[in-house]
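Chain by chain, the residues run as shown.
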Amino acid sequence: APANMAWTIVCDMFLESPATATLDEALREIETALDGDDGDAWSHGVFAQLLFLRNEDDKAEIHFSRALALNPYDADVAAVFANILVYWGRWREALTWIGAAKRLNPFPPNLYHWYHALALYSGREYEQAVKALMEARSLDRWSHGLLAACYAQMGRLGEARYEAGAFVRERSRELNENGDALPANTLDLARARAGRYRDPADREHFLDGLRKAGLTG
């Protein structure tokens, strides 16, 4: 239970949802979980994501490695590790881990396809990234944004602008529902997500696709 309490807070932070709880509270919950069972793979996986959000990347990788050693068949840990590897600039490793996750879970949630597509985008495999996103049962705001970036990088500007429009509408509605002010420039709708990339070149590549798709700022 404490591990899943921490996971809920971590999810809120990753999804940029309004949250009353803080990362410090998540830290207390996951420490309780690990004190109770230091051999639980999922707890180490949650802790690793929390550490990433706290910019403690070296420690995060230690706990990802521990989680995967304890349970190499946990598809969710493999998938979220793939996601974090993309933000660390290690997209080739990310593709290996998301491939493993999809083999372990043949009916993956939509997030797996987002993780897969994000790694492919970092590898400049834009057409394959589009295919990965289209495997999802539905598209959310960030999927529309990534599709826009992919199409723009491929020179398919009509499709890029259409998807960019969907991203701006849905992201703006999300901010309104959360009570947040809309930014002056549409590109600022994506800056928080882009800020997860540790390498400025990766961050700029992510924003460059959206800029080419028509976002401004």
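Not measured: the values here are computed from a predicted model.

A. Main features of the packing of helix H7 (residues 110-122) against helix H9 (residues 141-153). Interhelical geometry of H7 versus H9 gives an angle of 25° and a closest axis separation of 11 Å. Taken together, the axis directions place H7 and H9 in an arrangement best described as roughly parallel. Viewed along their axes, H7 and H9 form a crossing whose handedness is left-handed. Contact residues: Trp114, Ala117, Leu118 and Tyr121 in H7; Trp142, Ser143, Leu146, Ala149, Cys150 and Gln153 in H9. Here the contact of H7 with H9 is built from residues that sort into eight nonpolar, two polar and no charged.

B. Spatial organisation of helix H4 (residues 57-70). Look at H4: 20 Å from first C-alpha to last across 14 residues, which is about the 20 Å you get at 1.5 Å a residue. When we look at burial in H4, the residues that qualify are Asp57, Ala60, His63, Phe64, Ala67 and Leu68. Along H4, the residues classed as buried sweep out an arc of 135° about the axis, all on the same side. With respect to the buried face of H4, the exposed residues turned more than 90 degrees away are Asp58, Ile62 and Ala69. At its buried positions, H4 is contacted by helix H3 (41-53), helix H5 (75-87) and helix H6 (91-104).

C. Region of interest: the pattern of salt bridges. All told, the structure shown has 18 salt bridges when counted by the stated rule. The salt bridge partner of arginine 193 is glutamate 16, with a shortest N-O separation of 3.2 Å. With arginine 193 in helix H11 (residues 191-194) and glutamate 16 in the loop between helix H1 (2-14) and helix H2 (23-36), the pair connects residues that are 177 residues apart, well separated along the chain. Of the two residues, arginine 193 and glutamate 16, both sit in the buried class. With a closest N to O distance of 3.4 Å, glutamate 56 and lysine 59 form a salt bridge. Note on lysine 59: relative accessible area 48%, which makes it partly exposed. Among the ionic contacts, a cluster of salt bridges with common partners joins Glu16, Asp140, Arg141, Arg171, Glu174, Arg193 and Arg196.

Basis of the calculations
Per-chain numbering applies: the sequence of each chain, read as written, is numbered from 1 onward. Since the coordinates come from a predicted model, pLDDT governs what is reported: local features require at least 70, and pairs of side-chain atoms require 80 or more to be given and counted, while whole-chain, interface and lining totals use all residues. Only hydrogens and water are set aside when side-chain values are computed; all heavy atoms of the structure are taken into account. Throughout, an axis means a line fitted to C-alpha atoms (over the contacting stretch in the case of helices), and angles, computed between N-to-C directions, take values from 0 to 180 degrees. Working definition: helices are DSSP H or I runs of at least four residues, strands are E runs of at least two. Numbering for both runs from the N terminus. Roughly parallel covers angles under 35 degrees, roughly antiparallel covers those over 145, roughly perpendicular covers 65 to 115, and oblique covers all other angles. Whether a crossing is left-handed or right-handed is set by the direction in which the near helix is turned from the far one by less than a right angle, anticlockwise for left-handed and clockwise for right-handed. Two residues form a contact once any of their heavy atoms are found within 4.5 Å. Each residue is assigned to one class: nonpolar for Ala, Val, Leu, Ile, Met, Phe, Trp, Tyr, Cys and Pro, charged for Asp, Glu, Lys and Arg, and polar for all the others, Gly among them. The span you would expect from a helix comes to 1.5 Å times its residue count less one. Note on exposure labels: buried denotes an accessible area under 20% of the residue type's maximum, exposed denotes more than 50%, and partly exposed covers the range between, all computed with a 1.4 Å probe on protein chains only. The arc in question is the one spanned by the directions pointing from the helix axis to the C-beta atoms. When a carboxyl oxygen of Asp or Glu is within 4 Å of a side-chain nitrogen of Lys or Arg, the pair counts as a salt bridge.

Such coordinate-based values are descriptive only and should not be taken to indicate function.
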